[in-house]
Each structure stands twice: as C-alpha cells, then as structure tokens.
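# Analysis of the macromolecular model
Listed here are the chains, written in short residue letters.
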Amino acid sequence: MTVIQDSPAATAADDEAEILNLYRAHLSKGRATLAELFGSHMEVASEGAWLTTSDGERFLNAGGYGVFIMGARHPIVMEEVERQLRTHPTATRILLEPTVARAAEALVSVLPAGLDRVHFALSGAEAVETGLKLARAGGFKRTVSMRGGYHGKTLGALSATAKDVYQAPFRPLVPDFLHLPFGDADALEAELKAHPGEVCVILEPVQGEGGVVIPPKGYLKRVEELVREYEGFLILDEVQSGFGRLGEWWGADIEGVVPDVLLTGKALGGGVMPVSAAVATRKAFRPFDKDPYVHTATFSGQPVLMAAVQGAVRAVKEERLVTKAMDLGARLLPRIAEVAHRNIPELVVDVRGQGLLIGVELVEAGLAGELLIELFNHGVVANHSMNGSSVVRFTPPAVLSDTDVDFLVNSFDLATRDLIKGAATMPEGGN
C-alpha cells in the first residue's frame, strides 16, 4: 500500500493553525489576530540578521525592538552561554558567584565614568522600577518624565510612560508623576525651580517608542545642568537607545552626560538572554548598599544571564559594532529617506534617525500598519512605535552585510510602491 505523506508546506500550515489556536486559547486573542495580519507565519530559527519561518521562508530582521544589535545567536554570546549552561546556570544567591561579578565589571567598563554600581534584572521595566526606587529612597518624591516617552508597563514604569491608552485601565497609578514636553528645557527648569531637591527626572536620549524623536542639540546636556543646579536626580533610560544602537555606546556619550542612574536592557543579553540593568553612581546607589535585601529578585544576576552579558560586551568590543552601527546608519538613513520621498511623497511626513534607530513617519497610523505588512510581504520585519503609532521603526543589527543593506533598501522600495498602489485604490474617506 502506498502511503501519501503531507508536503512540508501542508505540514507547516497545520502547525501554524495549531499554534494560532493555542494563542487564542491560552495567550491572547489580540496577538492571534495580529499574527493573522502577517499571514500567521511562525518563526522557528534565527541566525545573524535573518530569521526563518516554519515554511522555510527567510526574513531580514530589522525589528526586534532594539534587541538584536549583534544579530541573533552571535557565536561569542552563544559560546559563553553554552559554557555556563554546562557548568552552573542558576545560583543560590547566597554564596559568592563569579559570573555576576565579572558581568558587572564588563558592563561598567563601557559606561560613562562614575557609573559603577550595578543591579541586574530581566526586563527593561524592572530596570526602570529600580531607578525610580533609588530616587524615592534618596528623598526624591516627585518624578518628571516626558510626553511620548516609553518606560514600560509595570506600575511605576507605567506612571512614567505618558500614554493614556496604557495608563487608563490601571489608575490610580503611583502619585506625584508629571509629564512635560520632550525637548522643552524651560518647562523642566520651571518644575525643578519650584521643587528644589525633590525632583527625579527620567527620560530617553532618543524616544524610540515615541517614534524615533530626536531632541534639539544640547537638550540632554541642558537637562543634566538643570538637574544639578536644582539638586535633582537624573535617570537616563537607555534600554533601547544604549549598547551601540545610536552609533555610540550610549546616548549619554553624545553630549557627555553622566546621570545618577543609567538603565540598559534589550541588547544587553546579546540577543540570547533577557537581561537588564540599572547602573548608578556610588552616591545614588547608597540606599541599596545599606541593606542587601531592600531590593532583590530571584533571577537577578543568575549565572547563565551574566554569561550572556559578558559575551555581549565582548562581541560589541571585538567586532567594533558601535562604529559599524554608526557607519551603517549613515548609509541607510539617506537611502531610506530618498526612497520614501520619491515613492510616497504625499504619505510621508519625515524620515529621521540616529545610528541604527530609524523612523519613517507617515500621515496616519493606518498607513504605518499597511507599510509594516508590505515590508513583511517583501521579506523584512520592522516595528511599529507604541507611543508614535504613525511611525514605522527600523532597528537592524550592526552585522548587516552590503548585500543585506541592499536587500533592506530594495524591499523598502517595493513596499512603498505597493503602499502607494493600495492608497490609490482606496475609496475616498475609507481605510
């Protein structure tokens, strides 16, 4: 008897349908619906700048929300993690453990001078909570964040994230938070002057989820000067902008700023492990030095995560990925801008970026969603912006080859051509 086997494509389709149903049953119906908009593809493998789906298709990963500055499964990071997995992946957190000490040393080696006390966590939001708690413990009871800023969705971080749609279901939030315009140093000075010695300021050097919003030149340095003048507390959220993403190790380096606390995450785990950190000056960290149990977490500094941190720092240093991010961004930004202004001049508002954080702002949010789908149809994964919904965001890795760069630009060219065709056939007033 002849047995007829299903084709690989049919098997993949069955697997995707099963996973889609599991999402609906156990995870999120909304996420399932979003997946359907992108054809219900299922990612199953990744390497470097590319990911592979269950049906064998390959996509250039210019998304990942800033995680993959060194690409996926970088060999240096994988080597460190695999070695640790074979020996001692999880520690008791009672005894001395060398991996966390070495990871802290490695991270401090690439930070602005004076930032040398580290608390490791898992998510960016946890790092934000750590920074906010250090400020409160130091007597800074009022917190200023910036409109359009994104700091996460845990309760304290959400209080700093000035987006009503995310905050509304969870109010009342943490009290004494104020949101000011990003880039407006005069508004910040008024608040600091009214409450000297009481204010914590938290902001991003470039607002990633805000839609790649770059402040006026000199703004970040002016913020630091004002905070020092009025005896405040400064937190720089570099969870997305840091670790080479902007073509510098940190956004702080661009204007020579040294905050009280710098937050990092996303790329810190080398695209392999979830790791974040809040790194503080000795003075700012003092409340945590007094009591080692005042702010803890079971998985903070676990050896397998710390191995990833050491590998990530090594990879960026040894392969000069910060310089490569700067060079690639300088090549990509004008080419993407040229394509956008040539193909969709009536639909594009602006193309802007720094290093490998690039945003394309369209005239409405719906068009940004359509462009993301068209990019995917042409083999590129990009991101929407949570606080800037009309902005498509590119965060490609610094390991792109010349061929990868050409593929990304060509795909953007094809996607924008298809976008304008769709806009031309859309009924007037419809979407």
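For the structure itself, consult the block above.
Attention in this report is confined to the structure presented alongside it. For clarity, every value in this text was computed on a predicted model and none was experimentally measured.

### Here's the deal with helix α13 (residues 321-343)
- Between its first and last C-alpha, α13 extends 32 Å over 23 residues, near the 33 Å set by a 1.5 Å rise per residue.
- Taken together, the buried positions of α13 are L321, V322, A325, L328, G329, L332, I336, A337, V339, A340 and N343.

### What about the sheet that holds strand β12 (residues 357-362)?
- Pairing is antiparallel in the open sheet, where 4 strands are placed in the order β11-β12-β15-β14. Each end of this open sheet is capped by a strand with a single partner; those strands are β11 (348-354) and β14 (383-384).
- As paired elements, β11 and β12 share 6 bridges and run antiparallel to each other. Opposite V348, over in β12, you have L362 as the bridge partner.
- Running over the sheet, α13 touches β11, β12 and β15 (391-394) and is turned about 175° from β11.
- Contacts from helix α14 (residues 365-377) reach β12, β14 and β15, with the element oriented near 35° to β15.

### With respect to the side chain of E374
- Residue placement: E374 occurs in helix α14.
- Filtering out sequence-adjacent residues up to four positions away, E374 remains in contact with A415, D418 and L419.

### Quick look at a nonpolar patch on the surface
- A cluster of nonpolar side chains, I94, L95 and Y293, forms an exposed patch at the surface whose accessible area comes to about 440 Å².
- Relative to the elements of secondary structure, I94 occurs in the loop between α3 (75-87) and α4 (98-108).

### A look at the packing of α4 against helix α12 (residues 303-318)
- Running from N to C, α4 and α12 cross one another at 30°; their axes reach a closest spacing of 8 Å. In terms of orientation, α4 and α12 fall into the roughly parallel class. Classified by chirality, the crossing of α12 by α4 is left-handed. Seen from α4, the contacting residues are T99, V100, R102, A103, A106 and L107; seen from α12, they are P303, M306, A307, V309, Q310 and V313.
- Residues of the contact of α4 with α12, tallied by class, amount to 9 nonpolar, 2 polar and 1 charged.

### What to know about the side chain of D413
- One can find D413 in helix α15 (residues 402-425).
- Residue D413 is classed as buried on the basis of its relative accessible area of 13%.
- With residues near it in sequence (within four places) discarded, D413 still touches V339, R342 and N343.

### A short note on the layout of surface pockets
- Here the largest pocket defines a volume of roughly 1400 Å³.
- Lining of the largest pocket is provided by 41 residues; of these, R31, L34, F38, E43 and V381 occupy positions nearest its centre.
- Elements represented by at least two residues in the lining of the largest pocket include exactly α1 (8-27), α2 (29-37), β1 (43-47), β2 (50-53), α14, β13 (380-381) and β14.
- Among the elements that line the lining of the largest pocket, the one with the most residues is α14, at 6 residues.
- Here the lining of the largest pocket is built from residues that sort into 26 nonpolar, 12 polar and 3 charged.
- Empty space within the second largest pocket amounts to approximately 930 Å³.
- As for the second largest pocket, its lining consists of 25 residues, and the residues nearest its centre are R93, V100, V118, P292 and S300.
- Every element with two or more residues in the lining of the second largest pocket is listed here: α4, β4 (117-121) and α11 (282-290).
- With 4 residues, the single largest contributor to the lining of the second largest pocket is β4.
- When grouped by side-chain class, the residues that make up the lining of the second largest pocket number 13 nonpolar, 7 polar and 5 charged.

### Overview of helix α9 (residues 219-229)
- When α9 is considered as a whole, its buried residues turn out to be Y219, L220, V223, E224, L226 and V227. Buried residues of α9 fall within an arc of 165° about the axis and therefore sit on the same side.
- Where α9 is buried, its residues touch β5 (142-146), α8 (185-194), β7 (199-203), β8 (233-237) and α10 (251-254).
- Phi turns positive, to about 55°, at E231, one or two residues after α9.

### Structural notes on the pairing of β12
- The buried fraction of β12 amounts to 5 of the 6 residues, a majority that puts the element mostly inside the structure.
- What sits between β11 and β12 in their antiparallel hairpin is a turn of 2 residues, with G355 showing a positive phi close to 60°.
- Examined bridge by bridge, β12 and β15 share 4 bridges and lie antiparallel to one another. Residue G359 lies in a different strand from β15, and its bridge partner there is R393.

What counts and what doesn't
- Residues numbered from 1 in each chain as written.
- Predicted model: local features only at pLDDT ≥ 70, side-chain atom pairs only at ≥ 80, totals over all residues.
- Heavy atoms only, no water.
- Helix = DSSP H or I, 4+ residues; strand = E, 2+ residues; numbered from the N terminus.
- Expected span 1.5 Å × (residues − 1).
- Buried < 20%, exposed > 50% of the residue type's maximum accessible area, 1.4 Å probe, protein only.
- Pairing = 2+ DSSP bridges.
- Contact = heavy atoms within 4.5 Å.
- Axes fitted to C-alpha atoms, helices over the stretch in contact; angles between N-to-C directions.
- Patch = residues over 30% accessible without salt bridge, like charges linked within 9 Å, V, L, I, M, F, W, Y side chains within 5 Å.
- Areas by Shrake-Rupley, 256 points an atom, 1.4 Å probe, with all protein chains shown as cover.
- Salt bridge = Lys/Arg side-chain N within 4 Å of Asp/Glu carboxyl O.
- Parallel < 35°, antiparallel > 145°, perpendicular 65-115°, else oblique.
- Left-handed = near helix turned anticlockwise from the far one by under 90°.
- Nonpolar A, V, L, I, M, F, W, Y, C, P; charged D, E, K, R; others polar.
- 1 Å grid on protein atoms, 1.4 Å probe; cavity = no way out; pocket = protein on both sides within 12 Å on 5 of 7 lines; lining within 4 Å.
- Points joined across faces, edges and corners; volume = space filled by probe spheres on them.
- Arc of directions from axis to C-beta.

All we've got here are geometric facts, nothing functional implied.
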